[in-house]
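Coordinate analysis (summary)
Read off the chains here:
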Amino acid sequence: MKPKRIIVALDNNNLRKTLELVTNLKKEVFAFKVGYEFFFNHGIEGYKKIKNISSKIFLDLKLHDIPNTVQNGILAINKLRPLLTTVHISGGDGMMQATLVKNKYTKILGVSLLTSFDNKQTNKFYNEKKVELLVKKFARIAKHNNLDGLVCSPQEIKMVRKILGK
């Protein structure tokens, strides 16, 4: 039997429908992604309701702050015990290193670049003419900082795997 590799996004503000979806799909998928919309609408109580149905949660909050604040955020998130959470690679080496806390349960994924960025935006904000070059750079930085994985666009997976491996 092939391992389940699908993560279902729960980007919804209707708690009843979301819980019904989790109940119906929990045996079919690898995990469920809880992002801003759900988390800010339903908070920790809503999160716990999902956790009671399925323990496999990807808490996608894309942390991006000074190292101490991100470290404290990771320690707080660890109490919720999601499988995965995210930080922006652009937050810098110190911020990524701060996620490597002792007794960490949650794997940390680095967000390479938001998919809303195009070449014009990467040039404007990162002084890099091509999205692909910036994603490659961020992938190397994430690997150097011992993050557990990377979030990127599907079009970038082959390129990123050449840098990071499986």
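Each value, and the rule that gives it
Residues numbered from 1 in each chain as written. Predicted model: local features only at pLDDT ≥ 70, side-chain atom pairs only at ≥ 80, totals over all residues. Heavy atoms only, no water. Buried < 20%, exposed > 50% of the residue type's maximum accessible area, 1.4 Å probe, protein only. Helix = DSSP H or I, 4+ residues; strand = E, 2+ residues; numbered from the N terminus. Pairing = 2+ DSSP bridges. Right-handed = clockwise from strand over helix to strand, strands pointing away. Core = buried A, V, L, I, M, F, W, Y, C linked by side-chain atoms within 4.5 Å. Contact = heavy atoms within 4.5 Å. Phe/Tyr/Trp six-rings, centres within 6.5 Å; stacked < 30°, edge-to-face > 60°. Lys NZ or Arg CZ within 6 Å of the ring centre and 35° of its normal. Expected span 1.5 Å × (residues − 1). pLDDT = per-residue confidence, 0-100. Axes fitted to C-alpha atoms, helices over the stretch in contact; angles between N-to-C directions.

**A closer look at the pairing of strand β3 (residues 57-63)**
Taking burial as the measure, the seven residues of β3 include six buried ones, the bulk of the element. Inspection of the sheet shows strand β2 (residues 31-34) paired to β3 by three bridges, in the parallel sense. Across the sheet, F32 pairs through a bridge with I57, a residue of β3. After leaving β2, the chain enters helix α2 (residues 36-53) and then returns to the sheet as β3, a path that is right-handed.

**Examining the nonpolar core**
The biggest cluster of nonpolar side chains holds 38 residues, and the ones touching the most others in it are V34, I50, L59 and V87. At the level of secondary structure, the elements contributing two or more residues to this core comprise α1 (15-25), β2, α2, β3, α3 (67-80), α4 (93-98), α6 (131-144) and α7 (157-164). Among the elements that take part in this core, α6 stands out by supplying six residues, more than any other. Not counting residues within four places of it along the chain, the set of residues in contact with I50 comprises L10, T18, L19, V22, V34, F38 and I57.

**A short note on the packing of aromatic side chains**
Scanning the entire structure with this criterion turns up five aromatic pairs. Aromatic rings pair up to connect F117, F125, Y126 and F138 into one cluster. Positioned above the aromatic ring of Y36, the side-chain terminus of K62 is 5.9 Å from the ring centre. Looking at R81, its charged tip hangs above the ring of Y105, at a distance of 3.8 Å from the centre.

**Regarding α6**
End to end, α6 covers 20 Å across 14 residues, agreeing with the expected 20 Å (1.5 Å per residue, within 8%). Check the buried side of α6 and you find it contacts α4, α5 (119-126), β6 (149-151) and α7. Phi turns positive one or two residues past the end of α6, at N146, with a value near 60 degrees.

**A closer look at the environment of K166**
Topologically, K166 is positioned in the segment after α7. The exposed category is assigned to K166, whose relative accessible area is 98%. Placed 51 residues apart in sequence, K166 and T115 show a C-alpha to C-alpha distance of 21 Å.

**Description of the confidence of the model for the protein**
Looking at the protein as a whole, the pLDDT averages 93, with 98% of positions reaching at least 70. Averaged over each element, pLDDT in the protein is lowest for α7 (90) and highest for β2 (97).

**Things to note about the sheet that holds strand β5 (residues 107-111)**
Sheet architecture is open: six strands sit in the order β1-β2-β3-β4-β5-β6, paired in parallel fashion. A single partner strand is all that each edge strand has here, and the edge strands are β1 (7-9) and β6. This sheet shows a mean twist of 30 degrees between the axes of neighbouring strands, independent of strand direction. Two strands pair when backbone bridges link them, and β1 and β2 are joined in this way by three bridges, in the parallel orientation. Within β2, the residue paired with I7 across the bridge is A31. Helix-sheet contacts for α2 involve β2 and β3, and the interaxial angle to β3 is about 145 degrees. Taken strand by strand, α3 contacts β3, β4 (84-88) and β5, and its axis lies near 165 degrees from that of β3.

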